[in-house]
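Examining the three-dimensional arrangement
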Amino acid sequence: MKLRLEILRRKHGGEPYRQMIDFETGDGNATVATALRQINSDSTFRDINGEPVGEIRWESSCLQKKCGACAMVINGRPMLACDAKLSELGEVITVEPLRKFPVVEDLIVDRSAVFESLKELKVWFDAQTKADERVSDTAYEASRCLQCGCCLEVCPNFCVDESFVGMSGAVPMSRLISALPKEQEKELYKTYRKRVFEGCGKSLACRNICPAGIDIDGLLVSSNAAAVWKRKARKNKK
């Protein structure tokens, strides 16, 4: 299998440039991650202009769709490099960093805003809190979120450092909304309405983009029903 990788690169805050690299493999299951690792392991690799490729900077950890570290934009679509099979991507494959986050170098972006927002939202149970076992399915579904940022990449409403946290914040919040006892719901609902519901344009661009296949629709509908619509119904009865 012969193909060409067109990689958008940037070194130490310099201007971005595209580097085209011819790559060949006999492995039918090879992924973009496979190609990047092989190129980086061979210091003699050169691009189509005969220039040394050098080390392509990118992030990875498990390479088994478990951590989300290798998220990038491949052929215009955000996905995990470890899950992007070369055989399914065509003869010319474009590889770019996620666009919604500041680029650190090459394919590495700074996603710290996502993790800081999770701290602000306090998406965890206090030690004394006992979760409702009847909502274990919701808890499991929410727990599969990789925090990779693919959903944020396609979201027309998400911008770094703005109030709306996108589905990377809404998904873990859905676990709390489904399980917290009533006496702890009020503040959580208020935060959800401000940081999720009011900012979401309901485009559902994130619906089919999640690498983990999370039922985003279901979690969003459930959380909206509990934190927004039931609250309004109670207020209207008063």
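The structure we're discussing is the one just above.
Quick summary incoming for the structure in this document. (Residues numbered from 1 in each chain as written. Predicted model: local features only at pLDDT ≥ 70, side-chain atom pairs only at ≥ 80, totals over all residues. Heavy atoms only, no water.)

1. With respect to the packing of helix H3 (residues 136-143) against helix H5 (residues 167-179)
Packed helices, taken two at a time, are described by the angle their axes make and the gap between the axes. Heads up, the condition is: Where helices are involved, their axes are fitted lines through C-alpha atoms of the stretch in contact, as for all axes, and angles between N-to-C directions lie from 0 to 180°. A run of H or I in DSSP counts as a helix once it spans at least four residues, and a run of E counts as a strand once it spans at least two, with each numbered from the N terminus. Each angle gets one of four labels, with under 35 degrees taken as roughly parallel, over 145 as roughly antiparallel, 65 to 115 as roughly perpendicular, and the rest as oblique. It is the rotation of the near helix from the far one that decides the hand of a crossing: anticlockwise by less than a right angle makes it left-handed, clockwise makes it right-handed. In what follows, a contact means two residues having at least one pair of non-hydrogen atoms within 4.5 Å. In the scheme used here, Gly and all other residues not listed as nonpolar or charged are polar, with Ala, Val, Leu, Ile, Met, Phe, Trp, Tyr, Cys and Pro taken as nonpolar and Asp, Glu, Lys and Arg as charged.
The geometry of H3 relative to H5 is characterised by a closest axis approach of 8 Å and an angle of 165° between their N-to-C directions. Our classification of the angle between H3 and H5 gives roughly antiparallel. Here H3 runs over H5; the crossing is left-handed. Residues Thr-138, Ala-139 and Ala-142 of H3 touch H5, and the partners they reach there are Val-171, Ser-174, Arg-175 and Ser-178. Tallied by class, the residues present in the contact of H3 with H5 amount to three nonpolar, three polar and one charged.

2. As for the pairing of strand S4 (residues 77-80)
Quick note on the threshold: Strand pairing requires that DSSP identify at least two bridges connecting the strands.
In the sheet, strand S3 (residues 71-74) pairs with S4 via four bridges, with the strands oriented antiparallel. Within S4, the position partnered with Ile-74 by the bridge is Arg-77. Taking the residues between adjacent antiparallel strands as the criterion, S3 and S4 are bridged by two residues, where Asn-75 takes a positive phi near 55°.

3. Here we look at the sheet that holds S4
What the five strands build is an open sheet, ordered S2-S1-S5-S3-S4; its pairing is mixed. Lying at the two open borders of the sheet, with one neighbouring strand each, are strand S2 (17-24) and S4. Strand-to-strand twist of the sheet, defined as the mean angle between neighbouring strand axes without regard to direction, takes the value 35°. Most of the contacts of helix H1 (residues 32-41) go to S2, to which it runs at about 95°, and overall it touches strand S1 (2-9), S2, S3 and strand S5 (92-96).

4. Re the packing of aromatic side chains
The line we're drawing: Aromatic pairs are defined between Phe, Tyr and Trp rings, using the six-membered ring for Trp, whenever the two ring centres lie within 6.5 Å; interplanar angles under 30 degrees are classed as stacked, those over 60 as edge-to-face, and all others as tilted. Both a distance and an angle decide whether a charge sits over a ring: NZ of Lys or CZ of Arg must be within 6 Å of the ring centre and within 35 degrees of the ring normal.
One pass over the structure, following the stated rule, counts one aromatic pair. Summarising the aromatic geometry, the rings of Phe-101 and Phe-158 are spaced 6.1 Å apart at their centres and angled 50° between planes, so their arrangement reads as tilted. Taken together, the residues Phe-101 in the loop between S5 and strand S6 (103-105) and Phe-158 in the loop between helix H4 (150-154) and H5 connect sequence positions 57 residues apart. When the ring centre of Phe-197 is taken as reference, the NZ or CZ atom of Lys-202 above it lies at 4.3 Å.

Any link to function would need more than the numbers given here.
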